[in-house]
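Geometric and topological summary
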Amino acid sequence: MENIRFRMEAFFYNIAKRLWLCFCVVTKAEQRSSFLTKIRFGKACHQRATFTVPSRYPLLFQACADYLASTKQPKVMSFGCSIGEEVFSIGQYLPHATIVGVDINRWCLRQCRKKNKNPNFTFVHRFSKDFENASSFDAIFCLAVFQRTENRTNQDNSKASGFMFDEFESEITMLDKKLRPGGLLIIDHADFSFEETGVAKKYQPLKSFEHNKIQRFRPLFDRENWKIAEEHDSYRVFVKC
Ligand SMILES: C[S@@+](CC[C@H](N)C(=O)[O-])C[C@H]1O[C@@H](n2cnc3c(N)ncnc32)[C@H](O)[C@@H]1O
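Residues numbered from 1 in each chain as written. Predicted model: local features only at pLDDT ≥ 70, side-chain atom pairs only at ≥ 80, totals over all residues.

**Examining the packing of helix H3 (residues 58–67) against helix H4 (residues 85–93)**
Threshold: A fitted line through C-alpha atoms serves as each axis, taken over the contacting stretch for helices, and the angle formed by two N-to-C directions is quoted from 0 to 180°. Elements are defined by DSSP. Helices are runs of H or I of four residues or more, strands are runs of E of two residues or more, and each kind is numbered from the N terminus. The labels follow the angle: roughly parallel below 35 degrees, roughly antiparallel above 145, roughly perpendicular from 65 to 115, and oblique for the rest. With the far helix as reference, a near helix turned anticlockwise by less than a right angle produces a left-handed crossing, and one turned clockwise produces a right-handed crossing. Residues are scored as being in contact if the C-beta atoms we place from backbone atoms lie within 7 Å. Three classes are used: nonpolar for Ala, Val, Leu, Ile, Met, Phe, Trp, Tyr, Cys and Pro, charged for Asp, Glu, Lys and Arg, and polar for all others, with Gly counted as polar.
Running from amino to carboxyl end, H3 crosses H4 at an angle of 45°, the nearest separation of the two axes being 9 Å. In terms of orientation, H3 lies oblique with respect to H4. Along this stretch, H3 crosses H4, giving a crossing that reads as right-handed. Mapping the contact onto sequence places Phe-61, Gln-62, Cys-64 and Ala-65 in H3 and Ser-89, Ile-90 and Tyr-93 in H4. In terms of residue class, the contact of H3 with H4 is built from 5 nonpolar, 2 polar and no charged.

This is the structure we're talking about:
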């Protein structure tokens, strides 16, 4: 009897959850955009959530500004820029920079362009010609983009599923080609370790950055997508040799 009651409750809970999701997709532009991006770009969309806040990574922004202090007009990319807060924050640390925000979610890019007042900032789609042709960056930020929430929240997350190591490595390899030698690759909140990728042998952690290594309380997966740790220490800023 208790089993039947439990099943009924689970059934109605799932219906209510789906109805709530439909309601959000219909009434909230942000949720609708995540849903449409998922339908349109499928697996090419890594992290579907678009959460961001201004000045989210002050230490990383400062480390980048210190490293590029003598570069006259640094060229910086924010890969997975969401609604642009990352670009606007980096701009405060590097006022002479040209900054390109990249995202796969068209609604996010529209919010970025609406808010932007700086002619040195541009916002381009991940699958645009502009992005394809973009190169010679002095720094590339990829923060909270190389992850999938379900890899953390699934009841059984012993193996990464939605976003896998092959996709991670292929995106890192693509970004590596857009970074000039001596440039910085900045990566945080990822499901995989940058050091596991093939291109990592060309990079060194930025030694002058005191807070480069940080403890992250989140699962880490290996090249075969198996979970290897529930928490781990990670470098975040790497110099391309
Ligand atoms: C959680 S937000 C991170 C925003 C910001 N980087 C931060 O850390 O505050 C992740 C963003 O990555 C974008 N994204 C997901 N897959 C992408 C891809 N293949 N190329 C570019 N952006 C992508 C999402 O649309 C979303 O806006």
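**Focus: the environment of Ile-187**
By the secondary structure assignment, Ile-187 is in strand E5 (residues 179–188). Once the C-alpha coordinates of Ile-187 and Lys-129 are considered, the two residues, 58 residues apart in sequence, prove to be 24 Å apart. Among residues more than four places away in sequence, those in contact with Ile-187 are Cys-142, Phe-146, Phe-194 and Arg-236.

**Focus: the site of the ligand**
So the rule is basically this: All residues are tested the same way: a C-beta atom is placed from the backbone, and lying within 6 Å of a molecule or strand makes the residue near it.
Of all residues adjacent to the ligand, which total 23 residues, the nearest are Thr-52, Gly-80, Ser-82, Asn-105 and Ala-144. Class assignment of the residues belonging to the shell around the ligand gives a composition of 12 nonpolar, 7 polar and 4 charged.

**Structural notes on helix H2 (residues 29–41)**
What counts here: In this analysis, the expected span of each helix is defined as 1.5 Å times one less than the number of residues it contains. Around each residue's C-beta, the other C-beta atoms within 10 Å are counted; 20 or more make the residue buried, 12 or fewer make it exposed, and counts in between make it partly exposed. All C-beta atoms are placed from the backbone. To be clear, the arc concerns the directions from the helix axis to the C-beta atoms.
Here H2 is 13 residues long and its end C-alpha atoms lie 18 Å apart, about the 18 Å a rise of 1.5 Å per residue gives. The set of residues buried in H2 consists of Ser-33, Ser-34 and Thr-37. Seen from one end, H2 has its buried residues packed into an arc of 100°, which puts them on one side. In the core, the buried residues of H2 are packed alongside helix H5 (106–115).

**What about the nonpolar core?**
Filter applied, for reference: Buried Ala, Val, Leu, Ile, Met, Phe, Trp, Tyr and Cys residues whose C-beta atoms connect them within 7 Å together make up a nonpolar core.
Cys-64, Ala-139, Ile-140 and Ile-186 are the most contacted members of the largest nonpolar core, which totals 54 residues. The element contributing the most residues to this core is strand E4 (residues 137–143), with 6 residues. For Ile-186, the residues in contact, after removing those within four places along its chain, are Leu-60, Cys-64, Ala-139, Ile-140, Phe-141, Arg-236 and Val-237.

**A word on the domain arrangement of the protein chain**
For clarity, the cut-off: An automatic or database domain assignment supplies the start and end points of every domain.
Domain boundaries in the protein chain define domain 1 (2–42) and domain 2 (58–240). On a C-alpha basis, the centres of domain 1 and domain 2 stand 30 Å from each other. Residue-level contacts link 6 residues of domain 1 with 4 residues of domain 2. In terms of residue class, the side of domain 1 that touches domain 2 is made up of 2 nonpolar, 3 polar and 1 charged.

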